[in-house]
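Chain by chain, the residues run as shown.
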Amino acid sequence: MRRVYLDNNATTPVAPAVFEAMKPYFLEDFGNASSIHWYGQRAKAAIEWGRERIARLLNARPNEIVFTSGGTESDNAALFGMVEASRSEKKHLITTTIEHHAVLHTAKALEKRGVRVTYVPVGPSGVVDPAAVEKAIGPDTVLISVMHANNELGTIQPLEEIGRIAREHDIYFHTDAVQSVGKIPVDVEGLGVDLLSLSAHKLHGPKGAGALYIRRGTVLRPLLYGGHHERDRRPGTENVSGIVGLGKAAELAGEHLAEEIERVGALRDRLEDGILASVPLAAVVGDKSRRLPTTTNISFDYIEGEGFVIAMDLRGVACSTGAACSSGSLEPSHVLTAIGRSREQARSSIRFSLGHFNTPQDIDDTLEVLPRVVEQLRSLSPHYKKDAVSAQPAGANVKALAER
Ligand code: PLP
């Protein structure tokens, strides 16, 4: 059976060129970058090579990049680090209800330590309203943290405007850009961010490698204590192969960004259009005009998402009901319920996320099996009024859903 992978927001395959670039750092150039001998210096040079490539992709300076173990660590380091570095007695953090758990659960942990947190609500578009962020600002606000692209919907947040607001109020601004880096242009100057989290495995790099951009002059308390690595900002022997892999992935992404946005975006549109044309009572969730080119989230009425994912997997297509780390959870997606979807609607939503290795054949294969899977699952649903729905042409589904 030919397999199709449409879950690139969960993780991506390592690109062969990335793998090749990483290889020498396991067997030959295995040194510890803190050693002063030849082996150590080779490792150190490789880390700086990676740092330059990340910096270039973000329009940052190399010394503003700190390597971490991934997106989760970067988010934790940014939130804990900024709040704990603040000398004010009262501390307030502003974030949103649609953040990844790496931010939301960190915010909850901060609340337990006495930090006041505002979770700015987000409407059905899945796009944060900058005015709502501004309204939440208080005299004690230490940090604003708003993600760049949402991992479940793909919606892109108006960071430029929020960055401007943060600057006007002299408040630090962090973004979780784990889903946007390497997929759309990410420019730390244009976005006006002081801190930015990224992760290698979302852009065809290895798992367990990431970075935190820290604008020069921004002081944060480190999360970990140990040696003097990363200029005292993140101790621990550096993951040299991972850093090289991240650097190579960043280089490749930067070189091919415009053509990939076009190519992958066209595949995503073809998939989305094909589904909406062939399946009644299906609708795109979130604002279509402000989205990653790689992602679509579609709700299928009368479908239970987990069942759909399993049925598609049995036919060779991998997709998901939302964030990979929430898979298996009985709770519906917190992102979908936060934007006003009912629990039932949230359970019927499926995320399809594409990447560099997807082909038109993948889309054709998916469109071949998907309508039948939906039909079969619906036929098992006691609530599915088959006659009423089959009387309705596919394509009228968006309107039908809105009227429900
Ligand atoms: N933030 C977002 C938006 C994500 O999508 C993810 C991964 O799913 C993370 C953070 C966590 O990144 P990592 O898996 O590198 O820890």
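Everything quoted here is computed from the prediction, not taken from an experiment. (Residues numbered from 1 in each chain as written. Predicted model: local features only at pLDDT ≥ 70, side-chain atom pairs only at ≥ 80, totals over all residues. Heavy atoms only, no water.)

### With respect to the overall build of the protein
Right, on to step 1. Within the protein, the secondary structure is distributed over 16 helices and twelve strands.
Right, on to step 2. For 404 residues, the compact-globule formula gives about 22 Å, and the C-alpha radius of gyration of the protein, at 22 Å, lands near that figure.
Right, on to step 3. Its C-alpha atoms give the protein principal-axis dimensions of roughly 75 × 55 × 35 Å.
Right, on to step 4. Buried residues in the protein amount to 56% of all 404 residues.
Right, on to step 5. Of the roughly 17500 Å² of accessible surface on the protein, a fraction of 55% belongs to carbon and sulfur atoms.
Right, on to step 6. When the 46 positive and 50 negative side-chain charges of the protein are each reduced to one mean point, those points stand 2 Å apart. (Helix = DSSP H or I, 4+ residues; strand = E, 2+ residues; numbered from the N terminus. Rg over C-alpha atoms; globule rule 2.2 N^0.38 Å. Buried < 20%, exposed > 50% of the residue type's maximum accessible area, 1.4 Å probe, protein only. Areas by Shrake-Rupley, 256 points an atom, 1.4 Å probe, with all protein chains shown as cover. Lys, Arg positive; Asp, Glu negative; His and termini not counted. Charge placed at Lys NZ, Arg CZ, Asp CG, Glu CD.)

### Looking at empty space enclosed by the protein
Right, on to step 1. Taken as a whole and judged by the stated rule, the model has two cavities of 30 Å³ or more.
Right, on to step 2. In terms of lining residues, the largest cavity is bounded by 14 residues, among which Ala-77, Pro-222, Leu-223, Arg-233 and Arg-234 are the most central.
Right, on to step 3. Breaking the lining of the largest cavity down by element, the ones donating at least two residues are strand S2 (65-68), helix H4 (71-85) and strand S8 (210-214).
Right, on to step 4. Considered class by class, the residues forming the lining of the largest cavity number nine nonpolar, one polar and four charged. (1 Å grid on protein atoms, 1.4 Å probe; cavity = no way out; pocket = protein on both sides within 12 Å on 5 of 7 lines; lining within 4 Å. Points joined across faces, edges and corners; volume = space filled by probe spheres on them. Nonpolar A, V, L, I, M, F, W, Y, C, P; charged D, E, K, R; others polar.)

### Details of the sheet that holds strand S12 (residues 349-353)
Right, on to step 1. The strand order across the open sheet formed by three strands is S9-S10-S12, and the pairing between neighbours is antiparallel. Looking at strand neighbours, the two that pair on one side only are strand S9 (282-284) and S12, the edges of this open sheet. Along the sheet, successive strands turn relative to each other by an average axial angle of 30°, direction set aside.
Right, on to step 2. The pairing of strand S10 (residues 295-300) with S12 spans five bridges and is classified as antiparallel. Across the sheet, Asn-297 pairs through a bridge with Arg-351, a residue of S12. (Pairing = 2+ DSSP bridges. Axes fitted to C-alpha atoms, helices over the stretch in contact; angles between N-to-C directions.)

### What to know about the sheet that holds S8
Right, on to step 1. Judged by pairing direction, the sheet is mixed, and its seven strands sit side by side in the order S2-S8-S7-S6-S5-S3-S4 without closing on themselves. Looking at which strands have only one partner, the edges of the open sheet turn out to be S2 and strand S4 (116-120). Across the sheet, the axes of successive neighbouring strands diverge by a mean angle of 20°, strand direction being ignored.
Right, on to step 2. Sheet topology note: the strand S5 (residues 141-145)/strand S6 (residues 172-176) ladder contains three bridges and is parallel. In the sheet register, Ser-145 faces S6, and the bridge partner there is His-174.
Right, on to step 3. Helix-sheet contacts for helix H5 (residues 101-112) involve strand S3 (92-96), S4, S5 and S6, and the interaxial angle to S4 is about 150°. (Contact = heavy atoms within 4.5 Å.)

### Quick notes on the domain arrangement of the protein
Right, on to step 1. Here the protein is described as being made up of domain 1 (4-9 + 257-403) and domain 2 (16-253).
Right, on to step 2. Placing a centre on the C-alpha atoms of domain 1 and another on those of domain 2 gives a separation of 30 Å.
Right, on to step 3. Counting residues at the interface gives 28 residues for domain 1 and 32 residues for domain 2.
Right, on to step 4. When domain 1 packs against domain 2, the two sides together hide about 2500 Å² of surface, and 58% of this comes from carbon and sulfur.
Right, on to step 5. Summed over the three residues of domain 1 that lose the most area to domain 2, namely Leu-257, Arg-290 and Leu-292, the buried surface amounts to 26% of that side.
Right, on to step 6. The interface formed by domain 1 and domain 2 holds zero salt bridges in total.
Right, on to step 7. Linking domain 1 with domain 2 are 14 residue pairs in polar contact (both at pLDDT 80 or more), by the criterion used here.
Right, on to step 8. Of the residues contributing to the side of domain 1 that touches domain 2, the split by class is twelve nonpolar, twelve polar and four charged. (Domains from an automatic or database assignment. Buried area = accessible area lost by both parts, 1.4 Å probe. Salt bridge = Lys/Arg side-chain N within 4 Å of Asp/Glu carboxyl O. Polar contact = N/O pair within 3.5 Å; in protein donor to acceptor, adjacent residues only side chain to side chain.)

### Describing the side chain of His-204
Right, on to step 1. Locating His-204 in the fold gives a position in the loop between strand S7 (195-199) and S8.
Right, on to step 2. Classification of His-204 as buried rests on a relative accessible area of 12%.
Right, on to step 3. Of the polar contacts made by the side chain of His-204, one reaches the backbone oxygen of Pro-13; its length is 2.8 Å.

### Examining a nonpolar patch on the surface
Right, on to step 1. Together, Phe-30, Trp-38 and Tyr-39 make up a nonpolar patch on the protein surface, roughly 370 Å² of accessible area in all.
Right, on to step 2. Locating Tyr-39 in the fold gives a position in helix H3 (residues 38-58).
Right, on to step 3. Looking at Tyr-39, the relative accessible area reads 37%, which means it is partly exposed. (Patch = residues over 30% accessible without salt bridge, like charges linked within 9 Å, V, L, I, M, F, W, Y side chains within 5 Å.)

### Notes on unusual backbone geometry
Right, on to step 1. One non-glycine residue, Asp-170, adopts positive backbone phi at about 60°.
Right, on to step 2. With a phi angle near 65°, Asp-232 is a residue other than glycine that sits in the positive phi range.
Right, on to step 3. Positionally, Asp-232 belongs in helix H9 (residues 229-232).
Right, on to step 4. The exposure class assigned to Asp-232 is partly exposed, which follows from its relative accessible area of 46%.

### What to know about the pairing of S3
Right, on to step 1. The buried fraction of S3 is high, at five of five residues.
Right, on to step 2. Burial along S3 is two-sided: His-92, Ile-94 and Thr-96 facing one way and Leu-93 and Thr-95 facing the other are all buried.
Right, on to step 3. In terms of handedness, the path from S3 via H5 over to S4 forms a crossover that is right-handed.
Right, on to step 4. In the sheet, S3 pairs with S5 via three bridges, with the strands oriented parallel. Following the sheet pairing, His-92 is matched in S5 by Thr-141. (Right-handed = clockwise from strand over helix to strand, strands pointing away.)

### Notes on the packing of H3 against helix H10 (residues 240-278)
When two helices pack together, their arrangement is given by the angle between the helix axes and the distance between those axes.
Right, on to step 1. Direction vectors running N to C along H3 and H10 enclose 30°, while the axes themselves pass 8 Å from each other. Like other packed secondary-structure pairs, H3 and H10 cross with a definite hand, here left-handed. Along its contact with H3, which presents Ala-43, Ala-46, Ile-47, Trp-49, Gly-50, Arg-53, Ile-54 and Leu-57, the element H10 presents Val-240, Ile-243, Val-244, Leu-246, Gly-247, Lys-248, Ala-250, Glu-251 and Gly-254.
Right, on to step 2. For the contact of H3 with H10, the per-class residue count stands at eleven nonpolar, three polar and three charged. (Left-handed = near helix turned anticlockwise from the far one by under 90°.)

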